[in-house]
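Each chain, written out:
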Amino acid sequence: MVLRPAAAKVTSVLDGQLWRQMMASGAKALELKKHEVDALNVFPVPDGDTGTNMYLTIQSAARDAEKITGKSIGEVAAAASMGSLMGARGNSGVILSQLLRGIAKGLEGLNTANALQVAQALQAGVDTAYKAVMKPVEGTILTVSKETARAALAMAKSGGSLLETLQEAEQKGLKSLAKTPEMLPVLKQAGVVDAGGQGFLVILGGWIAVLTGETSISDTMSETESSLKPNVEGSTATRQEFMQIENLDYPYCTEFLVKGTDLRVEQMKQDLLDRGDCLLVVGTSEVVKIHVHVKNPGKILDYAIQWGSLHQVQIHNMLEQNENMAHAMKENETTEDLQTDTKIEHQGQPLKEFGVVAVAMGQGIADVFISLGADEVVFGGQTMNPSTEDLAEAVRKVPARQVFILPNNGNIIMAARQVKDVVQEREVHVISSKSIPQGISALLSFNSEGEAETNIKNMERGLSSVRSGEVTYAVRDSQYGDLTISDGDILGLIEDVIVSTGKSLYEVAQSTLDKMEWKTHDLVTIFYGEDTKLEEVERLQDWLREENPSIEVEVHPGRQPLYYYIFGVE
């Protein structure tokens, strides 16, 4: 990047107002580039959603930062961290949320931050992100963020200005990004750099734009105002929330900040656990945010004021605000929506011991999970990873003390694990299912009368009893191992590894099943997608029966997008 000191603002420190602006600018920058980042997916299949996931995460961070009107960078960074946690989607979004969480830790208690403090906060973000990932892999967003933080620290310690510090971080980050294909062979083979690292640098570029004067506060907010507003129409999660509000015994949404000198977050959580619904208590020893739905807001405020001073107090009567919207949505719901969207928890309903939340990518697949005993189904999967907040809302709807989550996609597991940090009123167990067949196998191993630990062991064991395959199509020309892939080719995958390619859906499906060694198993399950013609399904089914009539074949209309077939053999 060419430095333009004449155009740059003379800013030696960051305050809350600038950090809010930088969050919005980062969100806008990624909004404009998200599809380019999506295109860096290492597989040429239509599930490259890293840019979209990171955008939705930083968008949520910017939205929450905007709610804080004070000038303290510590407060604004904490709000942005909270927003990113609630909005985190996919592995890339979760890692980004952890970066912002660590940055917030590094900035906590500060009204302003100079170059060195900002660089140290970046390093704290990297440390937090690395700790959050069970098996950190170099050549990813982790590596790129690590190099940016290292460069920022070196520049700041040598006396560099705030702008110089972030620009140097960006330059070193770009060099690190260029090296990611050398660290991860799969990137080199696909001819791309790491998507997560690219997304992070786009956000960083948005931050720098604020300091260089390329984006003013008014321009940034006017451009991002619409994108920072929650999307009500067309949102399943929002539609469910309106329906839920009609039945709540706790109609007052109460949220506020508590400021003090020795705030004990865990004790406050425990004290408020039985005071209402949808409880959220996060923060530090000096600033805590509380969100809860209650019958009497006064009692919650009376409790909180014992800890310190109250700020940003907001109380909303959800019934009054949402009555018209809920009524309109009731009239327009389809029968299909009712099957999945009205399984709302009734207050006062006796809690059972166990419940299950599953993620599904098609109505037909969702119906299978419901028929097998899942309490709630969250629609998501490739290209549409549900956020931590989406999963948390589903967990809260389950009338059970303990809830098992089946992510059914490797890119959703991290977001699912963060539900434990958000939902305090349920004990949450995440089963690491990476595919629809694995999720179904795990659910079949579930015993509602058993013990939690026994269920966890049995469900995890069930994951290894099934092999998963998919058939989809290529979205670009690519070279994968020995396979030369052209845009539009049919692709066969086994456990997310491309094993077959061709022009014929029927032939690629056959090849994929053969490589899954289906003839050595007892059962083949097929979910066909919304774009798969019935005659194609029948042709494949006939072939299976002709080849080995002794093997049971189950065929279901999964109605999933993007994937012609999802196979399970066990």
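The structure presented is a predicted model; accordingly, all values stated were derived computationally and were not measured. (Residues numbered from 1 in each chain as written. Predicted model: local features only at pLDDT ≥ 70, side-chain atom pairs only at ≥ 80, totals over all residues. Heavy atoms only, no water.)

Side note on the overall build of the protein
Selection rule: Only runs of H or I of at least four residues qualify as helices and only runs of E of at least two qualify as strands under DSSP, and these elements are numbered from the N terminus. The contact criterion used is simple: two residues touch if any of their non-hydrogen atoms lie within 4.5 Å. Computed with the Shrake-Rupley method and a 1.4 Å probe, the accessible areas treat only the protein chains shown as cover for residues.
Within the protein, the secondary structure is distributed over 23 helices and 18 strands. Put simply, of all contacts in the protein between residues at least 6 apart along the chain, 73% involve residues at least 24 apart. As presented, the protein carries roughly 24000 Å² of accessible surface, and 49% of it is formed by carbon and sulfur atoms.

Digging into the packing of aromatic side chains
Formally: Aromatic contacts are taken between Phe, Tyr and Trp rings whose centres are within 6.5 Å, Trp giving its six-membered ring; a plane angle under 30 degrees counts as stacked, one over 60 as edge-to-face, and the others as tilted. Whether a residue is buried, partly exposed or exposed follows from its accessible area with a 1.4 Å probe, protein chains only, as a fraction of its type maximum: under 20%, in between, or over 50%, in that order. When the NZ atom of lysine or the CZ atom of arginine is within 6 Å of a ring's centre and also within 35 degrees of its normal, the charge is said to sit over that ring.
Per the counting criterion, the structure on display carries seven aromatic pairs. Here the aromatic rings of F354 and F446 are separated by 6.2 Å at their centres, their planes lie at 80°, and the arrangement is edge-to-face. One end of the pair, F354, is in strand β7 (residues 352-360); the other, F446, is in the loop between α20 (436-444) and α21 (452-463), with 92 residues separating them in the sequence. The exposure classification of F354 matches that of F446, with both residues buried. Between Y565 and F567 the ring centres are 5.4 Å apart and the planes differ by 20°, which places this aromatic pair in the stacked class. Given the relative accessible area of 0%, F567 is considered buried. The aromatic ring of Y506 is capped on one face by R539, whose charged end is 3.7 Å from the ring centroid.

Observations concerning the pattern of salt bridges
The line we're drawing: Salt bridges are defined by distance alone: a side-chain nitrogen of Lys or Arg within 4 Å of a carboxyl oxygen of Asp or Glu.
All told, the structure shown has 15 salt bridges when counted by the stated rule. Across the salt bridge formed by K28 and E31, the nearest N and O atoms sit 3.4 Å from each other. Taken together, the positions of K28 and E31, both in helix α1 (residues 16-38) and three residues apart, correspond to about one turn of that helix. Here K28 falls in the buried class, since its relative accessible area comes to 17%. Residue E353 pairs with R401 through a salt bridge whose shortest N-O separation is 3.6 Å. Taken together, the residues span a long stretch of sequence, with E353 in strand β7 and R401 in strand β9 (residues 400-406) at a distance of 48 residues.

A short note on the packing of helix α6 (residues 141-157) against helix α7 (residues 162-183)
To be explicit about the condition: Interaxial angle, 0 to 180 degrees, is taken between N-to-C directions of lines fitted to C-alpha atoms, where a helix line uses only the stretch in contact. With the far helix as reference, a near helix turned anticlockwise by less than a right angle produces a left-handed crossing, and one turned clockwise produces a right-handed crossing. By the convention adopted, Pro, Cys, Tyr, Trp, Phe, Met, Ile, Leu, Val and Ala count as nonpolar, Lys, Arg, Asp and Glu as charged, and the other residues, Gly among them, as polar.
Closest axis-to-axis distance for the α6/α7 pair is 7 Å, and the angle between their directions is 145°. Crossing geometry of α6 relative to α7 is assigned as right-handed. Judged by residue contacts, T143, V144, E147, T148, A151, A152, M155 and A156 of α6 engage E164, T165, E168, A169, K172, G173, S176, L177, T180 and M183 from α7. Residues that form the contact of α6 with α7 fall into these classes: eight nonpolar, six polar and four charged.

Quick word on a positive patch on the surface
Quick reminder of the rule: Within the patch definition used here, like charges are joined within 9 Å and nonpolar side chains (Val, Leu, Ile, Met, Phe, Trp, Tyr) within 5 Å, considering only residues with over 30% relative accessible area and no salt bridge. Neither His nor the chain ends is counted toward charge; the positive residues are Lys and Arg and the negative residues Asp and Glu. Charge positions are represented by NZ for Lys, CZ for Arg, CG for Asp and CD for Glu.
Taken together, K135, R417, K420 and K434 make up a surface patch of like positive charges. Among the structural elements, K135 can be located in the loop between α5 (115-132) and α6.

Examining the nonpolar core
The test is simple: Residue types Ala, Val, Leu, Ile, Met, Phe, Trp, Tyr and Cys, when buried and joined through side-chain atoms within 4.5 Å, form a set referred to as a nonpolar core.
Within the largest apolar cluster, 71 residues are counted, with the highest numbers of intra-cluster contacts made by L14, W19, M23, I58 and W207. If you tally residues by element for this core, the top one is helix α9 (residues 195-212), at ten residues. Those residues in contact with L14 that sit more than four places away from it in its chain are W19, M22, I73, N111, T112, A113, V118, L162 and L211. Grouped together as the second largest cluster of nonpolar side chains are 26 residues, F404, L406, I440 and Y563 included.

Notes on the sheet that holds strand β18 (residues 565-569)
We count it as follows: Strand pairing is defined by DSSP finding a minimum of two bridges between the two strands.
With mixed pairing, the six strands of this open sheet are ordered in space as β15-β14-β11-β18-β16-β17. Because the sheet does not close on itself, it has two edges, and the strands there are β15 (497-502) and β17 (552-557). Strand-to-strand twist of the sheet, defined as the mean angle between neighbouring strand axes without regard to direction, takes the value 20°. As judged from the five bridges shared by strand β16 (residues 523-528) and β18, these two strands associate in the antiparallel manner. Of the residues in β18, the one forming a bridge with F527 is I566. Packed on one face of the sheet, helix α16 (residues 363-371) meets β16, β17 and β18 and runs near 120° to β17.

Some points on the sheet that holds strand β8 (residues 376-379)
Either a parallel or an antiparallel arrangement is found when strands of a sheet pair, and the pairing is made through backbone hydrogen bonds. Pairing within the open sheet is parallel, and its four strands lie in the order β8-β7-β9-β10. Sheet topology places β8 and β10 (427-430) at the edges, where each strand pairs with a single neighbour. Looking at each pair of strands side by side, their axes are set apart by 20° on average, direction ignored. Note that β7 and β8 share four bridges and pair parallel. Among the inter-strand pairings, V357 is bridged to a residue of β8, identified as E376. Contacts from helix α17 (residues 388-397) reach β7, β8, β9 and β10 within the one sheet, and its direction differs from that of β8 by about 165°.

Re the environment of E286
With respect to the helices and strands, the residue E286 is situated in the loop between β4 (277-283) and β5 (287-294). Exposure remark for E286: the relative accessible area of 40% places this residue in the partly exposed category. The residues contacting E286, other than those within four sequence positions of it, are G109, V258, K259, G260 and L263.

Here's the deal with unusual backbone geometry
Even without being a glycine, N408 presents a positive backbone phi close to 60°. Here L562, not a glycine, exhibits a phi torsion of approximately 75°, which is positive. With respect to the helices, strands and loops of the structure, L562 is situated in the loop between β17 and β18.

Some remarks on the environment of F256
Within the fold, F256 resides in strand β3 (residues 252-259). A residue is classified by how much of its surface remains accessible, and F256, at 2% relative accessible area, is buried. Considered as a pair, F256 and V292 are 36 residues apart in the sequence and their alpha carbons are 9.5 Å apart.

Some words on the pairing of strand β14 (residues 490-494)
Regular strands show a simple pattern: their side chains alternate between the two faces of the sheet. The element β14 is extensively covered by neighbouring structure, given that five of its five residues are classed as buried. Going residue by residue along β14, you find I490, G492 and I494 tucked away on one face and L491 and L493 tucked away on the opposite face as well. Where strand β11 (residues 467-473) meets β14, five bridges bridge the pair, whose relative direction is antiparallel. Note on β14: the bridge partner recorded for Y473 is I490. Note: β14 against β15, five bridges, orientation antiparallel.

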